[in-house]
Amino acid sequence: MFGSTTVRWLGVLWLLLIGIGLFAILILIPSGTWLPEVASESGKLLLKRYNAISHLFFLLLLTATCLFLLHKAQSETVTQYPTEKNAGSIKRILQWVRRHPLASGLFAFYASLMLQQASWFYKEIISWYKDIHTDHLLNNFALRWELVKETMFRNDFRFFPLSHQDLHILSWLTPYVSIWMLVNAAELVTICILSAKTAGELSNRSNRKEILLVFSILFLFDTATGFTFFQFIYSERIVALLFAIYIYFYSHYWKSKRSRDQYLTILPALVGIFFKDTGFILFTMPPMFVLLAGCSGALAGRPKLSRKTLEAWINAYRLEICLISLIFVLAISFLFLSYIPSFYHGNNAYDSALRFSRFESDYRFGILMLTMATRSILICLRKVRFSLLDAFNIGALAYALGLFALVGFRSSNYMALPVQLIATLNLTMLWIWATTPLIHKGGNTKLIGIAGVVASSCLIGIEHLEGKGFNHRISKMKVDQESWVQTYDRLRTITTNARQNGEEINIIYSKSWFRNRGPLERLNFDRLIYFDLEDDVYTVMEGVGKGSYYSPVKGDFLVNIDTGKRLATHHIDMTAYREIYNYNPNENNGKIFRRIQ
């Protein structure tokens, strides 16, 4: 893949860059009286320019590397398959739909559910979406500062520079979130297809048609999947997609040893480590344990590590060595793109208080652990061989522990999506292993397939009966989004009527996802006022007296679009206000009040 001379030069370059970075951290910044104070205007400008230039170099290098890997993969494809002719894309899709009518129907049904949920009225997307409306939609290829600031200008030791940039690109092409949601659906369908094919490869049962349907039912209706894909704000969507591509091509390479699969395994791993700060665990732990298993002689047809076979050992584990070396790529990127500017800025690590806070697993995670334990015992007893499934399982467990160490782990949370992907892969593999003897004995494959669909549907039904499954999560999201939209629409109607009546309009809001004021600024008002609940201070953010303090007067509107219980928990006296709109008395948000005294 790479010659020894290239590897040596890359090693020298890495050491040089590490040396420069450590020199900056240990000497330049601490003793650099020539550097401006970070709180000064010149300090802020320096930090902003450093982030902009360093990330520009990073993106250029990453793009060039990705193009190189794609070129090499394409070259290998031409070399290895010189006469192969593929049908057109549309024809292949139609052929696939005819072969998998039930799965196609399931995907279409699921996509329709997602489209009904499409909304930018949810959490961070409100702030990010604000920039899209600027310039009358005429400057759509401009950089969205909110999206760039969220990932590349954080300066809090977090590191996921590519996170949310898929939304950035989508925002250039269309402002309609329904189209964004269709892209979400396409990503999810791709994950299901590739993961089902991976299960077939790992089990040597790729001809079994029910694998796709069984996996899709189990994965699509998992709580973490709904949590992640029915919204836009979580980068775990792309991490899971890249991981599905990674395990698919890794499984192919495990069998075929084709160079094309080697490059197409490295590509998603290289990109994936920059989408989530814990993402590198998913892509580097599996090859690390493959390497360890090979060194211990647990892999058939792979050499052990010894002086005599060192060259053969390196050739046999070229892919694993390249994947593990991504840790060095990540380290140097983190040093220059996150650690140095964060160190200069002086921020604490983001969410440091949540470390080791809680670990909440579910039955899927339990089955994953049980499968790992059982296979580990069988491998030690030499009843079965170490396989890529074992490596993927270890990667998923390490990822869960990494999340637990940083922010806590919950199986139903969006952060657990990659873990649930591997847990679903294990459930599918268990079904294949359990039913393969029946097929060998002449069992009816159609009945076995129907049984698999029924069994997976029953598992989803059990989760639903527990009251905290997929349907519960999606319903809660839907209620939140509808309450925000309807409350905002009612506030717009109320303020429009007040303007027509010649009344002064002062809108007061408190801590909220609407804090960046994009949607609120499009309303009729004389003053837009932020109420700091912690300090009990009112500040005019827009309108008459912008920047000055404010005292509420009779006729002011106090809105709780998404503030929730905060007004109650801070013991705000509401006796001076009359409720004029309430989306749902059972909800804590979706309320509008008017001051009556």
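So, a few notes on the structure that sits alongside this text. No experiment lies behind these values; they were computed from the predicted model shown.

### Let's talk about the nonpolar core
Soluble, globular proteins show a tendency: their nonpolar side chains are buried together.
Piece 1. In terms of nonpolar packing, the biggest core is built from 144 residues, with Ile125, Trp180, Tyr246, Phe274 and Phe386 touching the most fellow members.
Piece 2. Here the element with the most residues in this core is helix H11 (residues 236-256); it accounts for 13 residues.
Piece 3. Beyond its immediate stretch of four places on either side in the chain, Ile125 contacts Trp120, Leu167, Trp180, Phe232 and Ile233.
Piece 4. Counting twelve residues, the second largest nonpolar core, distinct from the first, contains Tyr538, Val540, Leu567 and Tyr577.

### Let's talk about the pairing of strand E5 (residues 537-543)
Piece 1. Bridge analysis of strand E4 (residues 527-532) against E5 gives six bridges, and the strand direction is antiparallel. Residue pairing in the sheet places Asp532 in a bridge with Val537 of E5.
Piece 2. The antiparallel hairpin formed by E4 and E5 contains four residues in its connecting segment, where Asp536 sits at a positive phi of about 55 degrees.

### Considerations on the state of the cysteines
Piece 1. As enumerated under the stated definition, the model contains zero disulfides in all.
Piece 2. The thiol of Cys66 is not disulfide-bonded; the next cysteine sulfur, from Cys322, is found 14 Å away.
Piece 3. A relative accessible area of 15% means that Cys66 is categorised as buried.
Piece 4. We note that Cys295 lacks a disulfide partner, and the nearest cysteine sulfur, in Cys322, lies 16 Å from it.

### Topic: the side chain of His164
Piece 1. Inspection of the secondary structure assignment puts His164 in the loop between helix H6 (145-152) and helix H7 (165-173).
Piece 2. Residues contacting His164, with those up to four places away along its chain left out, are Trp128, Leu147, Glu150, Thr151, Ile233, Ser235 and Phe275.

### Comments concerning the environment of Phe514
Piece 1. Its place among the elements puts Phe514 in the loop between strand E3 (506-509) and E4.
Piece 2. Taking the C-alpha atoms as reference, Phe514 lies 8.4 Å from Ile561; in sequence the two are 47 residues apart.
Piece 3. Apart from the residues within four sequence positions on either side, Phe514 is in contact with Phe121, Ile126, Trp484, Tyr509, Pro519, Leu520, Ile561 and Asp562.

### Considering empty space enclosed by the protein
Piece 1. With the rule as written, the count across this model stands at four cavities of 30 Å³ or more.
Piece 2. If you trace the largest cavity, you find 15 residues lining it, with Thr151, Met152, Arg158, Leu337 and Ser338 closest to the centre.
Piece 3. Elements with a contribution of two residues or more to the lining of the largest cavity: helix H2 (41-80), H6 and helix H16 (326-345).
Piece 4. A per-element tally of the lining of the largest cavity places H16 first, with four residues.
Piece 5. By residue class, the composition of the lining of the largest cavity is six nonpolar, six polar and three charged.

### Some details on the packing of H11 against helix H19 (residues 417-440)
Piece 1. Direction vectors running N to C along H11 and H19 enclose 40 degrees, while the axes themselves pass 9 Å from each other. On the basis of their axis angle, the class for H11 and H19 is oblique. Classified by chirality, the crossing of H19 by H11 is right-handed. Every residue of H19 that contacts H11 at Glu236, Arg237, Val239, Ala240, Phe243, Ala244 and Ile247 is listed here: Leu417, Pro418, Leu421, Ile422 and Leu425.

### Section: unusual backbone geometry
Piece 1. A positive phi angle, close to 60 degrees, is found at Asn204, a residue other than glycine.
Piece 2. One non-glycine residue, Lys257, adopts positive backbone phi at about 60 degrees.
Piece 3. If you trace the backbone, Lys257 turns up in the loop between H11 and helix H12 (259-272).
Piece 4. Under the relative-accessibility criterion, Lys257 is labelled partly exposed at 37%.

### Concerning the pattern of salt bridges
Piece 1. Within this structure, the stated rule accounts for 20 salt bridges.
Piece 2. Put simply, Asp390 and Arg375 hold a salt bridge, and the shortest N to O gap is 2.6 Å. Here the residue Asp390 occupies a position in helix H18 (residues 388-406), and Arg375 occupies one in helix H17 (residues 363-380), the gap between them amounting to 15 residues. Arg375 matches Asp390 in its accessibility class, with the two residues each being buried.

### What about a positive patch on the surface?
Piece 1. Taken together, the side chains of Arg99, Lys197, Lys209 and Lys446 define a basic patch exposed on the protein surface.
Piece 2. Tracing the backbone shows Lys197 in helix H8 (residues 177-203).
Piece 3. A residue is classified by how much of its surface remains accessible, and Lys197, at 41% relative accessible area, is partly exposed.

### Concerning the packing of H8 against H19
How two helices pack is summed up by the angle between their axes together with the distance between the axes.
Piece 1. It is at 10 Å that the axes of H8 and H19 come closest, and there the two elements cross at 45 degrees. Taken together, the axes of H8 and H19 lie oblique to each other. Note that H8 runs across H19; the crossing there is right-handed. Mapping the contact onto sequence places Ile191, Ser195, Ala199, Leu202 and Ser203 in H8 and Leu421, Leu425, Thr428, Met429, Ile432 and Trp433 in H19.

### A word on the environment of Leu323
Piece 1. With respect to the helices and strands, the residue Leu323 is situated in helix H15 (residues 318-324).
Piece 2. Judged by relative accessible area, Leu323 falls into the buried class, the value being 0%.
Piece 3. Distance from Leu323 to Phe275, taken between C-alpha atoms, is 16 Å for residues 48 residues apart in sequence.
Piece 4. Leu323 has contacts with Tyr246, Tyr250, Thr265, Ile266, Ala269, Phe283, Thr284 and Pro287, leaving out every residue within four places of it along the chain.

Reading the values: rules and limits
- Residues numbered from 1 in each chain as written.
- Predicted model: local features only at pLDDT ≥ 70, side-chain atom pairs only at ≥ 80, totals over all residues.
- Heavy atoms only, no water.
- Core = buried A, V, L, I, M, F, W, Y, C linked by side-chain atoms within 4.5 Å.
- Buried < 20%, exposed > 50% of the residue type's maximum accessible area, 1.4 Å probe, protein only.
- Helix = DSSP H or I, 4+ residues; strand = E, 2+ residues; numbered from the N terminus.
- Contact = heavy atoms within 4.5 Å.
- Pairing = 2+ DSSP bridges.
- Disulfide = S-S within 2.5 Å.
- 1 Å grid on protein atoms, 1.4 Å probe; cavity = no way out; pocket = protein on both sides within 12 Å on 5 of 7 lines; lining within 4 Å.
- Points joined across faces, edges and corners; volume = space filled by probe spheres on them.
- Nonpolar A, V, L, I, M, F, W, Y, C, P; charged D, E, K, R; others polar.
- Axes fitted to C-alpha atoms, helices over the stretch in contact; angles between N-to-C directions.
- Parallel < 35°, antiparallel > 145°, perpendicular 65-115°, else oblique.
- Left-handed = near helix turned anticlockwise from the far one by under 90°.
- Salt bridge = Lys/Arg side-chain N within 4 Å of Asp/Glu carboxyl O.
- Patch = residues over 30% accessible without salt bridge, like charges linked within 9 Å, V, L, I, M, F, W, Y side chains within 5 Å.
- Areas by Shrake-Rupley, 256 points an atom, 1.4 Å probe, with all protein chains shown as cover.
- Lys, Arg positive; Asp, Glu negative; His and termini not counted.
- Charge placed at Lys NZ, Arg CZ, Asp CG, Glu CD.

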